[in-house]
Amino acid sequence: MRNLMLRVTGVALLVCGAASSAYATDPTAKWCQGVKIAAFPGGPQGGVFANNVYNGYRQAELDLGPSVTYYFSNWDPNTMLNQLQQAIATKVDGIAFMGHPGDDATDPQIDKAFAQGIIFTTANTALPKAQAKYGPEGMGYVGAPNHAAGYALGAEAAKRAGIKSGDEAFVWGLKGQGGDRGSRTVGVIEAIEKAGGKVIYQEIDKATDADPNAGTATFVGVMKANPGIKLVVTDHGALTANVGVYARAASLKPGQVFFAGFDMSPNTAKAIKDGYQDLVIDQQPYLQGYLPILNICLTKKYGFSGLDVNTAGAFVDPKNVDAVAPLAAKEIR
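Residues numbered from 1 in each chain as written. Predicted model: local features only at pLDDT ≥ 70, side-chain atom pairs only at ≥ 80, totals over all residues. Heavy atoms only, no water.

For the rest of this paragraph, the subject is the overall build of the protein. Broken down by element type, the protein carries 14 helices and twelve strands. With the principal axes as the frame, the protein shows a C-alpha extent of 90 × 45 × 35 Å. Going through the 333 residues of the protein one by one, you find that 53% of them count as buried. Contacts in the protein between residues far apart in sequence, at least 24 positions, make up 74% of those at least 6 positions apart. As displayed, the protein offers around 14,600 Å² of accessible surface, 55% of which is attributable to carbon and sulfur atoms. Charge centroids of the protein, computed over 29 positive and 29 negative side chains, lie 4 Å from each other. (Helix = DSSP H or I, 4+ residues; strand = E, 2+ residues; numbered from the N terminus. Buried < 20%, exposed > 50% of the residue type's maximum accessible area, 1.4 Å probe, protein only. Contact = heavy atoms within 4.5 Å. Areas by Shrake-Rupley, 256 points an atom, 1.4 Å probe, with all protein chains shown as cover. Lys, Arg positive; Asp, Glu negative; His and termini not counted. Charge placed at Lys NZ, Arg CZ, Asp CG, Glu CD.)

Take the sheet that holds strand β9 (residues 258-262) next. An order of β7-β6-β8-β9-β10-β12 is seen for the six strands of this open sheet, with the pairing classed as mixed. Each having just a single partner strand, β7 (198-203) and β12 (314-316) make up the two edges of the open sheet. If you compare each strand with its neighbour and ignore which way they point, the axes differ by 20° on average. Note that strand β6 (residues 168-173) and strand β8 (residues 229-234) share five bridges and pair parallel. Of the residues in β8, the one forming a bridge with Phe170 is Val232. Taken strand by strand, helix α12 (residues 266-274) contacts β10 (277-282) and β12, and its axis lies near 145° from that of β10. (Pairing = 2+ DSSP bridges. Axes fitted to C-alpha atoms, helices over the stretch in contact; angles between N-to-C directions.)

Right, let's talk about the state of the cysteines for a bit. Following the criterion strictly, the structure yields one disulfide and no others. In this model, Cys32 is linked to Cys297 through a disulfide, with the two sulfur atoms separated by 2.1 Å. Taking the torsion about the S-S bond as the criterion, the Cys32 to Cys297 disulfide, at about -90°, is left-handed. Highlighted residues: Cys32 in the loop between α1 (2-23) and β1 (36-42) and Cys297 in helix α13 (residues 285-302), separated in sequence by 265 residues. With respect to class, Cys32 is no different from Cys297; both count as buried. (Disulfide = S-S within 2.5 Å.)

Bringing the pattern of salt bridges into the picture now. Inspection of every chain in the model, using the stated rule, returns 14 salt bridges. A salt bridge links Lys230 to Asp167; the shortest N-O distance between them is 3.2 Å. Here Lys230, found in strand β8, pairs with Asp167, found in the loop between α6 (146-161) and β6; they are 63 residues apart in sequence, far enough to count as distant. A single network of salt bridges, built from pairs that share partners, joins Glu156, Arg160 and Asp317. (Salt bridge = Lys/Arg side-chain N within 4 Å of Asp/Glu carboxyl O.)

Such coordinate-based values are descriptive only and should not be taken to indicate function.
Written out as structure tokens, the structure reads:
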């Protein structure tokens, strides 16, 4: 009996040893080579936020080795959906998407993608219903928990601006877009109203969504019609980057109105240093490009489930902007 046990144990060790040898993998350069990916940076091409996402995608493409096709959309949900159908038709291995169209509009296409063996993952704006369904098959999310991030910025801005009952705050956002993206604007509004502020809300129109300069007249008009505004929150990275332009156009002096917004950029860093921008929550768009490519590669090559990463880690203000500005200048923040 003892000899039998020794023989069985020996066989088990041999099997384990064989398995370890068979599955051992040495570090490999370009280990995702041959994988085809469609990636959505948002848009417009060259835009402040979208370009940081694009740079993250490109670095991941260079580091890991997949072949990536890019789809810029001017942040238009309908354009994203049309491009998504095109991407699925090309039979790529993976799609890194932004969930601005929402679950109801996007999920049928996600079902189609996974049915065809395409790995689908998201960044910037989540699709929670689809992620709950397909997370084990590789669908993750890289970005901010949007409602929580909006609420955090609104609460901190109201506190620093000294908002009291009845004080006016201008929120320029995308509440009408609904879904996870719209919930960020809702979070901002809820926090300011909880602090006692009276919110003057303006939806960002399509023209301003694509080109922030198109919104200058809108900003000036709102400020002139409501001269008591103490706080302005721009719920859009490109609009936040344009705060200096808006403030000067409205003849505002640095510090006259408290400005808060989302996302770092070279122009945002300059606006902070110039005294116009007071508070920014940084959601690190570079990671929203790099990590979804990594997610798809890990799932395709090794069968990993989807990554879920919160990129909204910190506030930037005049006290710490010097540490962040060099990275913003390189468009990797």
